[in-house]
Amino acid sequence: MEIVTRSSRMRAISQKLREEGKRIGFVPTMGALHDGHLSLIRETRKMADVVVVSIFVNPTQFGPSEDFEQYPRDLARDADRVATLGVDYIFAPSAEDIYAPGFGTWVEVADLSNKLCGASRAGHFRGVCTVVSILFNVVRPHFAFFGQKDAQQSIIIKRMVKDLRIGVEIVVCPTVREIDGLAVSSRNAFLNPEERQSALCLHRALSRCSELFAEGQHNAALLSQEIERVLSTEPQAKVDYVAIVSIDDLEPVETIEKNPVLVALAVWIGKTRLIDNVVLIPLQS
Ligand code: AMP
């Protein structure tokens, strides 16, 4: 496994791999690698000849009052964690390498980027799409793996790839959870033991929603109400949003009839903002 820090070198490696006919699988991350990331890497290993994992805490996707400075960083530990998973390259560039002086090009997926998480994190998805475009151009993968945990991100990246005719196949992998249901996240490290317990309300609310849906409740307003009710039983939880939306355009739905819908939440637990989601699939779809 080689750790590559310059995009010029990474680009030269991927160019050579492509000339050799190798299929490159890519997992973009911000590091602080956990079981969710490792599951993406394992899936990549199954499909690709060469596995590239990027570790880059992307400054342009954080707002001025967000946790960019506090975000956990430990490259040596991350390298250890993936050492036995068959990762060929870790691409860990500096911010100066990715955003060279004079940098001025941005990629933005209109509409989808202003909804759900985009409504409270202005510019977040513009930063994500820009860095993912750069990483795709440097790593030149055949496949790129993303987690369902960040459902809106996957939907936006898929749209970007389609609109811009970027020749990368996007694969979305299921959310990995702790044994008690909490979605694994680098931000869980910010929770104190009490908050960690409170954070279970996200999974509880989504499970209750899935249960009601399975019992035949397809009215989105009533499902939302029940989610809010479950969340309100947790005094530490402050809801950012609860959304029941189409998985194509993230527009709210009233009744879940034919097509799968995304039920997505963002909830503050103390100073930590957590997200989670579930997809409801009507039987006839
Ligand atoms: P991040 O390092 O948070 O930017 O995440 C990098 C990738 O890992 C993204 O595609 C995330 O959706 C994915 N990911 C994060 N948490 C999980 C999880 N619990 N299960 C599956 N994928 C995840």
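Treat the numbers as computed from the prediction; the structure is a model and nothing was measured.

1. Some points on unusual backbone geometry
Consideration 1: Positive phi outside glycine occurs at Ala 32, with the angle close to 50°.
Consideration 2: With respect to the helices and strands, Ala 32 occurs in the loop between strand E2 (24–29) and helix H2 (35–47).
Consideration 3: Classification of Ala 32 by relative accessible area gives buried; the value is 14%.
Consideration 4: Despite not being glycine, Asp 111 has its phi angle at roughly 70°, a positive value.
Consideration 5: Judged by its relative accessible area of 53%, Asp 111 is exposed.

2. Focus on helix H7 (residues 151–163)
Consideration 1: Between its terminal C-alpha atoms H7 stretches 18 Å, which fits the 18 Å expected from 13 residues at 1.5 Å a residue.
Consideration 2: Residues of H7 that are buried: Ala 151, Gln 152, Gln 153, Ser 154, Ile 155, Ile 156, Ile 157, Met 160 and Val 161.
Consideration 3: Immediately downstream of H7, the backbone of Arg 165 shows phi near 55°, a positive value.

3. A word on the sheet that holds strand E7 (residues 237–246)
Consideration 1: What the three strands build is an open sheet, ordered E7-E8-E9; its pairing is antiparallel. Only two strands of the sheet have a single neighbouring strand rather than two, namely E7 and strand E9 (272–280). Strand after strand, the sheet turns through a mean of 15° between neighbouring axes, direction not considered.
Consideration 2: The sheet contact formed by strand E8 (residues 261–269) and E9 spans nine bridges and is antiparallel. From the neighbouring strand, Val 267 faces E9, where its bridge partner is Leu 274.
Consideration 3: Each of E7, E8 and E9 touches helix H10 (residues 220–232); the most contacted strand, E7, lies at about 160° to it.

4. As for the site of the ligand
Consideration 1: Around the ligand, a shell composed of 17 residues is seen, among which Met 30, His 37, Asp 150, Val 176 and Val 184 lie nearest.
Consideration 2: Residue Met 30 places a main-chain N or O atom 2.9 Å away from an oxygen atom belonging to the ligand.
Consideration 3: Of all the elements in the fold, those that place two or more residues in the shell around the ligand are E2, H2 and strand E5 (143–147).
Consideration 4: Of all the elements, H2 adds the most residues to the shell around the ligand, at three residues.
Consideration 5: For the shell around the ligand, the class distribution of residues is eight nonpolar, seven polar and two charged.

5. So, the pairing of strand E3 (residues 50–55)
Consideration 1: Across the six residues that make up E3, a large majority, six, are buried.
Consideration 2: Judged by which residues are buried, E3 turns out to be covered on both faces: Val 50, Val 52 and Ser 54 on one side and Val 51, Val 53 and Ile 55 on the other are all buried.
Consideration 3: Inspection of the sheet shows E2 paired to E3 by six bridges, in the parallel sense. Counted as the bridge partner of Ile 24 is Val 50 from E3.

6. Digging into the pattern of salt bridges
Consideration 1: With the rule as written, the count across this model stands at 17 salt bridges.
Consideration 2: The closest approach of N and O atoms between Arg 121 and Glu 66, which form a salt bridge, is 2.6 Å. Taken together, the residues span a long stretch of sequence, with Arg 121 in the loop between helix H5 (117–120) and helix H6 (124–139) and Glu 66 in the loop between E3 and helix H3 (75–82) at a distance of 55 residues.
Consideration 3: Connected via shared salt-bridge partners are Arg 208, Glu 211, Glu 226 and Arg 229.

7. As for the sheet that holds strand E4 (residues 89–91)
Consideration 1: An order of E1-E4-E3-E2-E5-E6 is seen for the six strands of this open sheet, with the pairing classed as parallel. Bordering the open sheet on either side are strand E1 (2–4) and strand E6 (169–173), each of which pairs with just one other strand. Averaged over all neighbouring strand pairs, the angle between strand axes comes to 25°, with direction disregarded.
Consideration 2: Packing of H3 onto the sheet brings it into contact with E1, E3 and E4, and relative to E4 it is tilted by some 150°.

The rules we used
- Residues numbered from 1 in each chain as written.
- Predicted model: local features only at pLDDT ≥ 70, side-chain atom pairs only at ≥ 80, totals over all residues.
- Heavy atoms only, no water.
- Helix = DSSP H or I, 4+ residues; strand = E, 2+ residues; numbered from the N terminus.
- Buried < 20%, exposed > 50% of the residue type's maximum accessible area, 1.4 Å probe, protein only.
- Expected span 1.5 Å × (residues − 1).
- Pairing = 2+ DSSP bridges.
- Axes fitted to C-alpha atoms, helices over the stretch in contact; angles between N-to-C directions.
- Contact = heavy atoms within 4.5 Å.
- Near = heavy atom within 4 Å.
- Polar contact = N/O pair within 3.5 Å; in protein donor to acceptor, adjacent residues only side chain to side chain.
- Nonpolar A, V, L, I, M, F, W, Y, C, P; charged D, E, K, R; others polar.
- Salt bridge = Lys/Arg side-chain N within 4 Å of Asp/Glu carboxyl O.

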